[in-house]
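# Structural characterization, general
Residues per chain, in single letters:
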Amino acid sequence: MTLKEMIGESNRIVFFGGAGVSTESGIPDFRSADGIYSGKHTIPPEVILSADFFYSRTEEFYQFYREKMLCLSAKPNAAHSKLAEWEKAGKLIGVVTQNIDGLHQSAGSQKVFELHGSVHRNYCLRCKKQYSAEFILNSDGVPRCTCGGIIKPDVVLYGEPLDGDTIEGAVNAIQSADMLLIAGTSLSVYPAAGFVRYFKGKHSVLINRDETPYDHECELVVHGKLGEVLGNL
Ligand code: NAD
């Protein structure tokens, strides 16, 4: 059966994605040849983007974060747009994403489970006042609230737990899906990567540039660029 036929007969599609969904929007992923791991940073992103690093070396955290994670001029690509279109047409019931860039919502997706939070929400650790991503980008050093408290992105850093309600929503969606489309993820960041195992529906499809540990468990595997594959449907 082709991808087009599977999509045609499915009405409860759930999309599970990662950083590879946004590379065609110009945001680097972590593990590709041109990803963040291949750059000049001697400290791995997983260390910089950890809770320990944030609280002990906040200024260095923000240097990396502003340069590498705040890509605020990026626009949704054909993959984001196609998923939003399917949701509008009543074929897709949710997007579960490990991304923090907000591009699914920019493309028009409504039901988005952001497992790792969002760069677009930031709050003061002392008084909880909210700040925009633009505020963080335009600040110097450690961004501070009007009350003097340190501002933290609402992003799940390595070493921090995922939000319980978001996990519940994502798992419920995956469990009730008739088709699971996994794409743009190395499926190596846990617990998020383990959620695909809750799928019990009919069609499981994986679209990824490189191989993943889940390739042999899917009905259809396409090694290609997601924006091109979905854009051509
Ligand atoms: P990853 O970097 O580990 O893996 C990305 C995968 O996507 C790779 O297997 C690669 O082959 C594939 N890929 C890259 N471009 C592709 C394309 N155009 N089409 C199809 N496949 C493509 O990413 P991950 O599994 O999401 O894990 C990394 C973690 O980093 C996540 O927790 C995520 O929160 C975070 N992250 C997010 C962003 C973002 O928000 N855009 C960017 C970098 C990292």
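A few points on the structure. (Residues numbered from 1 in each chain as written. Predicted model: local features only at pLDDT ≥ 70, side-chain atom pairs only at ≥ 80, totals over all residues. Heavy atoms only, no water.)

Helix and strand counts for the protein chain stand at nine helices and nine strands. Here the C-alpha atoms of the protein chain give a radius of gyration of 18 Å, agreeing with the 17 Å that 2.2 N^0.38 yields for 233 residues. Referenced to the eigenvectors of the C-alpha coordinate spread, the extents of the protein chain come out at roughly 55 × 35 × 30 Å. A buried classification covers 50% of the 233 residues belonging to the protein chain. Here the contacts in the protein chain between residues at least 6 apart in sequence split such that 63% fall between residues at least 24 apart. On the protein chain, roughly 10,900 Å² of surface is accessible, and the fraction owed to carbon and sulfur atoms is 50%. Across the protein chain, the mean location of the 23 positive side-chain charges is 5 Å away from that of the 28 negative side-chain charges. (Helix = DSSP H or I, 4+ residues; strand = E, 2+ residues; numbered from the N terminus. Rg over C-alpha atoms; globule rule 2.2 N^0.38 Å. Buried < 20%, exposed > 50% of the residue type's maximum accessible area, 1.4 Å probe, protein only. Contact = heavy atoms within 4.5 Å. Areas by Shrake-Rupley, 256 points an atom, 1.4 Å probe, with all protein chains shown as cover. Lys, Arg positive; Asp, Glu negative; His and termini not counted. Charge placed at Lys NZ, Arg CZ, Asp CG, Glu CD.)

Enumeration according to the criterion identifies seven salt bridges in this entry. A salt bridge links R57 to E60, with the shortest nitrogen-to-oxygen separation between them at 2.8 Å. Residue classification places R57 among the partly exposed residues on the basis of a relative accessible area of 38%. Residue classification places E60 among the partly exposed residues on the basis of a relative accessible area of 34%. Salt-bridge contacts for K152 lead to E160; the nearest nitrogen and oxygen are separated by 3.3 Å. A single salt-bridge network, built from bridges that share partners, covers E114, R121 and D154. (Salt bridge = Lys/Arg side-chain N within 4 Å of Asp/Glu carboxyl O.)

The environment of the ligand is made up of 28 residues, and the closest members are R31, Q98, T185, S186 and D210. Between the ligand and the protein, one listed contact pairs an oxygen atom with a backbone N or O atom of G184 at 3.4 Å. Considered on its own, the ligand offers 850 Å² of accessible surface; in the complex 97% of this is hidden by protein. Here the shell around the ligand is composed, by residue class, of eight nonpolar, 13 polar and seven charged. (Near = heavy atom within 4 Å. Polar contact = N/O pair within 3.5 Å; in protein donor to acceptor, adjacent residues only side chain to side chain. Nonpolar A, V, L, I, M, F, W, Y, C, P; charged D, E, K, R; others polar.)

With that settled, the discussion passes to the environment of T42. Within the fold, T42 resides in the loop between β1 (13–17) and α2 (45–48). When its relative accessible area of 76% is taken as the criterion, T42 is described as exposed. Along the chain, T42 and Q105 lie 63 residues apart, while their C-alpha atoms are 33 Å from each other.

Further remarks concern the environment of L83. Assignment of secondary structure puts L83 in helix α5 (residues 78–88). Ignoring anything within four residues of it in the chain, the contact list for L83 reads F15, L92, V95, H104, S109 and L230.

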